[in-house]
Amino acid sequence: MPLEAAIAEIETLLGTRLSRTQAERDLHSRSETYFGPTLPDAVAWPETTEEISAIVSICATFGVPIVAWGAGTSLEGHALTTHGGICLNMSRMNRVLEVSPEDMLAVVQPGLTREELNTELRATGLFFSVDPGANASLGGMAGTRASGTTTVRYGSMRDNVAALEVVLADGRIIRTGSRAAKSAAGYDLTALMLGSEGTLGIITELTLRLHGQPEAISSAVCAFDTLETAVETVQMTIQMGIPMARIEFVDEEIARVFNKMNGTAMPEKPHLLIEFHGSHDGVAEDSKRFGEVVAEMGGADFQWATSTEDRNRLWKMRHGAYTACLASRPGCMGLVTDVCVPISRLAEAVAAARADIEAESLIGPILGHVGDGNFHAILLLDRENADELARAKRVAQKLAERSLAMGGTITGEHGVGLGKRGLMTAEHGEGWQVMGAIKAALDPLNILNPGKVVPDLPLPESAK
């Protein structure tokens, strides 16, 4: 059979770095959220670009699906092997290949995580800015065009990836982009690969833009009586040109979870969490101006966190919001959905989302990177309650449809994967068919992460 022949050849290439054990297949069959397990037929651990090229060539020869796996933190089922085949675990390709302080660039392998990179950069005075919360792999972050808490100042992966090395569906190795600050030479293949979720190629190397570590950092948290007032404060801060490094929103339900799970004493109200980067004088001035905005908008319980320990504690709590929410309802699972709207419609969108959640009688804390109009609903569900899941899916559908009506997008950072694929026509119209044509041109056998992002294409020969 083609599948068995492909696995035999890959095993000859990798030896013990190919596994068919039930335990490994189970481990690579699950996602962070509600999608059920989908078993790969085998799990491979490549260590070089050349090995990945050889594996992909073998899969192309025998018509076997292949799906890249990073840290397994995606929220829309991106890395699930829905049609079987080979799961390509990238964790052994986790080296920093080069750091160029003069160019403010780092060249890394895709299995390296963002925290590992920043640990490596500590002595250079530089850091990598994209912070989605989870300690995701950098290849996975590129594949999903990730963003996060610092996007409002430093940009997303779209802005911080200068070049890529990619293995195409026929095994060819290409390089996209360059180390130059800009280029007008042809199609932007780097941008094409960013956000393609492993459907167009396997990323094997990234050249990343770095930023200087700020001289001074100041963080704060403040409470508001209403959700709308908190979001309007964000709008006013942006309109005044106050340069924020991060500005995050959490609703009263998340404040309640923080108190329960972290022992804090936050008022059970909506809160903003904000951080400023810059010189000592600049941060002091920005903080003062922001404090004036908060006072004008009726914010209260303003607390500054200027020590490293206090700041780390604040952002660790924010990054841990998802797991804290899950732990607050033991045994539950989460359906986490995100949308992104123009800043001018943000307060309206968040209020409508809260009304949708309440109308379906669901538990659904809301938080988000409100500085760029992106927010998330964490819908907490009983794993055995099919009715709750159906109601949660209705809420997610309404959030996405309303976002499009407001001129926004169905996802600001989680990506398409399985969960948002049914909404792509609504956002892109005929443009979605163009994406399918690009996929068909670059991967005519449809072996790279089939069933994700683009319209249905004929499946590989050995697909389940």
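The residue count restarts for each chain, going from 1 along the sequence in the order it is written. Local features in this predicted model are restricted to residues whose pLDDT is 70 or higher, and side-chain atom pairs enter the listing and the counts only when it is 80 or higher, whereas totals over whole chains, interfaces and linings include all residues. As a rule here, side-chain values cover all heavy atoms of the structure and leave hydrogens and water aside.

Trainee: What should I look at first to understand a nonpolar patch on the surface in this one?
Mentor: Residues with no salt bridge and a relative accessible area higher than 30% make up the patches, which join like charges within 9 Å and nonpolar side chains (Val, Leu, Ile, Met, Phe, Trp, Tyr) within 5 Å. A 1.4 Å probe and the Shrake-Rupley method give the accessible areas. Residues count as covered only by the protein chains that appear here. Any Lys or Arg side-chain nitrogen located within 4 Å of an Asp or Glu carboxyl oxygen qualifies as a salt bridge. On the surface, Y187, L189, L192, V434 and I438 cluster together to form a nonpolar patch covering roughly 480 Å² of accessible area. Working definition: helices are DSSP H or I runs of at least four residues, strands are E runs of at least two. Numbering for both runs from the N terminus. Secondary structure elements with two or more residues in the nonpolar patch: α8 (189-193) and α17 (430-442). The residue L189 is located in helix α8 in this model. Note on exposure labels: buried denotes an accessible area under 20% of the residue type's maximum, exposed denotes more than 50%, and partly exposed covers the range between, all computed with a 1.4 Å probe on protein chains only. What makes L189 partly exposed here is its relative accessible area of 37%.

Trainee: Looking at this structure, I do not really get the packing of aromatic side chains. What am I missing?
Mentor: Each aromatic ring pair is specified by the distance between its two centres and by the angle formed by the two planes. For this analysis, a ring pair means two rings from Phe, Tyr or Trp (six-membered ring only for Trp) whose centres lie within 6.5 Å, classed as stacked if their planes differ by under 30 degrees, edge-to-face if by over 60, and tilted for the remaining angles. One pass over the full model with this rule turns up four aromatic pairs. When the ring of F276 is compared with that of W304, the centres are 6.4 Å apart and the planes differ by 40°; the resulting orientation is tilted. Of this pair, F276 sits in strand β14 (residues 271-278) while W304 sits in strand β15 (residues 300-305), placing them 28 residues apart in sequence. Residue classification places F276 among the buried residues on the basis of a relative accessible area of 0%. Judged by relative accessible area, W304 falls into the partly exposed class, the value being 36%. Ring-pair connections join several aromatic residues into one group, and the members of that group are F276, F290 and W304. Should the NZ of a Lys or the CZ of an Arg lie within 6 Å of a ring centre and within 35 degrees of the ring normal, that charge is described as sitting over the ring. The side chain of R246 reaches across the aromatic face of W315, ending 4.6 Å from its centre.

Trainee: What's the story with helix α3 (residues 49-62) in this structure? I'm lost.
Mentor: Each turn of an α-helix holds 3.6 residues, which means side chains three or four residues apart point in the same direction. One fewer than the residue count of a helix, multiplied by 1.5 Å, yields its expected span. Helix length check: α3 (14 residues) gives 20 Å between terminal C-alpha atoms against 20 Å at 1.5 Å per residue, within 8%. α3 sits mainly inside the fold: 10 of its 14 residues count as buried. Buried residues of α3: T49, E51, I52, S53, I55, V56, I58, C59, A60 and F62, and no others. The contact criterion used throughout is that any non-hydrogen atoms of two residues lie within 4.5 Å. Summarising the contacts, the buried residues of α3 are in contact with α1 (2-14), β3 (66-69), β4 (86-89), β8 (161-167), β9 (173-177) and β10 (202-209). Phi for G63, located one or two positions after α3, is positive at around 65°.

Trainee: Any chance you could explain the nonpolar core here in plain terms?
Mentor: The nonpolar side chains of a soluble globular protein tend to be buried with one another. Each nonpolar core is a collection of buried residues, namely Ala, Val, Leu, Ile, Met, Phe, Trp, Tyr and Cys, held together in the definition by side-chain atoms within 4.5 Å. Among the nonpolar cores identified, the biggest contains 43 residues, and F249, L272, F290, I366, F375, L379 and L381 are the most heavily contacted of them. Looking at this core, the element that brings in the most residues is helix α14 (residues 346-359), giving six residues. Those residues in contact with L381 that lie beyond four places of it in its chain are R329, C332, M333, L335, L362, E388, L389 and A392. Formed by 26 residues, the second largest nonpolar core is a distinct cluster that contains A42, I66, M93 and A169.

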